[in-house]
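Secondary and tertiary structure notes
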Amino acid sequence: MMDLAKLRADFPILGRLENGKPLIYLDSAATSQKPIQVIETEARFYREQNANVRRGVYLLSHEATELYEAARRMVAEFLGARAEEIVFTRGTTEGLNLAAWALGETRVSLGDRIIVTEMEHHANILPWQELARRKGAELLAVPITEGGHLDLSAFRKMLNRRTKVVALAHVSNVLGTINPVGEIAEEAHRVGAVVVVDAAQSVPHMPVSVKELGADVLAFSGHKMLGPTGIGVLWAKSELLEEWPPFLTGGEMIREVWLDRAVWADPPAKFEAGTPPIAQAIGLAAAVEYLAGIGMPTVNAHGRELTALALEGLQTRSFVEIYGPRDPKERGALVSFNLKGLHPHDVATLLDQEGICIRAGHHCAQPLHRRLGIPASCRASFYLYNTREEVEAFLAALDRVWEALR
Amino acid sequence: MSPYEEVILDHWKNPRNKGRLSDPDLVGVEVNPLCGDAVRLELKVADGKVADVRFDGHGCAISQAAASLLTELIQGRTLAELREMKDEELLSALGGVIQTRLNCALLPLRALRKALKS
Ligand SMILES: Cc1ncc(COP(=O)(O)O)c(C=O)c1O
């Protein structure tokens, strides 16, 4: 159990007002709020420890490098990975672009097949779409069932010997569906495909061990898990990181440079050209420490409790249409919905007047919304600092929105 | 709880001049692909003035109410006047629109401007 009042005191922003009302922040799937431990760690770095990394021979630079590499070890431990397999990026989007580009250089050629799913965020569609276009490969999307799950039998039919990549979200940022990555990876590996997982909505909310997951590549963002913006993580199996050419080239990623050629540094440095987001990596490590201190099973259980409460409340309201699985055990900590006949922007604007922040729009998943036959949806998402009272307040406010606009 | 003025709620719930004309002289369509709002304005013109007008569309309350209100605002006015019509006229007729949603409110006006150019 968590002491919620004590925990909430760690998040200074939760004390502010939104439109004159206490802030009820239900948009952590877009970006999470930050505890003082993270804010202070980043500030302390700039106040007391700031220097570039891997460059200076002076003590300050050595210390900054130590902190940066310690952050990498901390993230590795959090994921059950090895530090050499952890590449710091700018976020999920950059990680997926890096993977798509590198797999294009090494594994995908004319006539090959790339499989994504209908429920992907644009960040896990467009890099593959571009890759398919560049290489003349085909891009297929696994359809979803009425219940909001991946259609696994359709997936099996798509898999063939020419399938080089299967890219999917661990948890959908719209449907909330937790996808069976292990099962999918097992089948994909049978035809020799590389499995790339968009873990933007899973790593912040549930225990994820890359050893157990079964994937080959995994990307997520620091800012959705209490960390700073501008930092993300790409994990990939060592054999892939060894095989891949660098995505960006420049300083800090080389061993030797001549005017006509170069020898790359070993991974992960090979993929971290230029001055990296140093303070942000150290801030992310503080976020990981914070989450690990509470325990991911506890974080997960709390999110599930709030999601169950929200789902239950939404289901009893006949004017609400819910998307994705009904069983909270099959979901991440978010619920997407619509009030019948109302536009999500109206719902979000009216809730905002009560201090309640939810997301409204297509959530960077236009193909999924097209599949659902709706232009947009509302999404409430929960994190460790949200309370049952906030969920109740949100549900009660929905009734008032319905009354005002129906 | 409403930040939506009564005018907006009224036009949203009871849209005026909604539908199609049988033989419009001018037509303007404007959509916002990001949120799915769409407005179609149809005008019948006589002696350089708006003799009849209809709107059709779907989307958020603000865009649809603004479209409905706009049909009332432009009825009987000369095309020359409408070419000069300022955003502020529609916004203030709506009783003010919150910052985050100005784009929705102005969608029908963009449809009108397209119609005038058609
Ligand atoms: C499932 C999913 N994938 C990718 C992203 C992109 O993350 P970022 O914008 O941090 O790169 C997000 C968040 O917006 C997401 O929810």
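Here the structure is a predicted model, which is why all the values come from computation and not from measurement.

What to know about the domain arrangement of chain A
Residues and elements named next belong to chain A. Examined at the domain level, chain A breaks down into domain 1 (4-27 + 295-405) and domain 2 (40-293). When each unit is reduced to the centre of its C-alpha atoms, the spacing between domain 1 and domain 2 is 28 Å. Between domain 1 and domain 2, roughly 2500 Å² of surface is buried when both sides are summed, and carbon and sulfur atoms account for 61% of that area. Between domain 1 and domain 2 we count 2 salt bridges in total. One salt bridge in this structure joins Arg371 and Glu118, with 3.4 Å as the shortest N-O distance. At the boundary of domain 1 and domain 2, one finds 18 residue pairs in polar contact (both at pLDDT 80 or more). Here the side of domain 1 that touches domain 2 takes 6 residues from helix α13 (residues 366-372), the largest share from any one element. Considering only residue class, the side of domain 1 that touches domain 2 consists of 18 nonpolar, 10 polar and 7 charged.

A closer look at the interface of chain B and chain A
Interfaces are often sized by the amount of accessible area the parts lose when they come together. Each partner contributes to the interface: chain B provides 18 residues, whereas chain A provides 20 residues. When chain B packs against chain A, the two sides together hide about 1400 Å² of surface, and 61% of this comes from carbon and sulfur. Across the contact surface, chain B and chain A share 1 salt bridge. Close ionic contact of Asp346 of chain A with Arg101 of chain B constitutes a salt bridge, the shortest N to O distance being 3.1 Å. Viewed at the interface, chain A and chain B are joined by 8 residue pairs in polar contact (both at pLDDT 80 or more). Elements supplying a minimum of two residues to the side of chain B that touches chain A: α1 (6-13) and α2 (61-74) of chain B. It is α1 of chain B that contributes the most residues to the side of chain B that touches chain A, 3 residues altogether.

A closer look at the environment of Ser336 of chain A
Residues and elements named next belong to chain A. Examined against the element boundaries, Ser336 turns out to sit in strand β14 (residues 334-339). Along the primary structure Ser336 and His302 are separated by 34 residues, whereas in three dimensions their C-alpha atoms are 18 Å apart. Non-local contacts of Ser336, meaning those with residues more than four positions away in its chain, are made with Val174, Glu321, Ile322, Tyr323, Ser377, Cys378 and Arg379.

About the cut-offs
- Residues numbered from 1 in each chain as written.
- Chains lettered and ligands numbered in written order.
- Predicted model: local features only at pLDDT ≥ 70, side-chain atom pairs only at ≥ 80, totals over all residues.
- Heavy atoms only, no water.
- Domains from an automatic or database assignment.
- Buried area = accessible area lost by both parts, 1.4 Å probe.
- Salt bridge = Lys/Arg side-chain N within 4 Å of Asp/Glu carboxyl O.
- Polar contact = N/O pair within 3.5 Å; in protein donor to acceptor, adjacent residues only side chain to side chain.
- Helix = DSSP H or I, 4+ residues; strand = E, 2+ residues; numbered from the N terminus.
- Nonpolar A, V, L, I, M, F, W, Y, C, P; charged D, E, K, R; others polar.
- Contact = heavy atoms within 4.5 Å.

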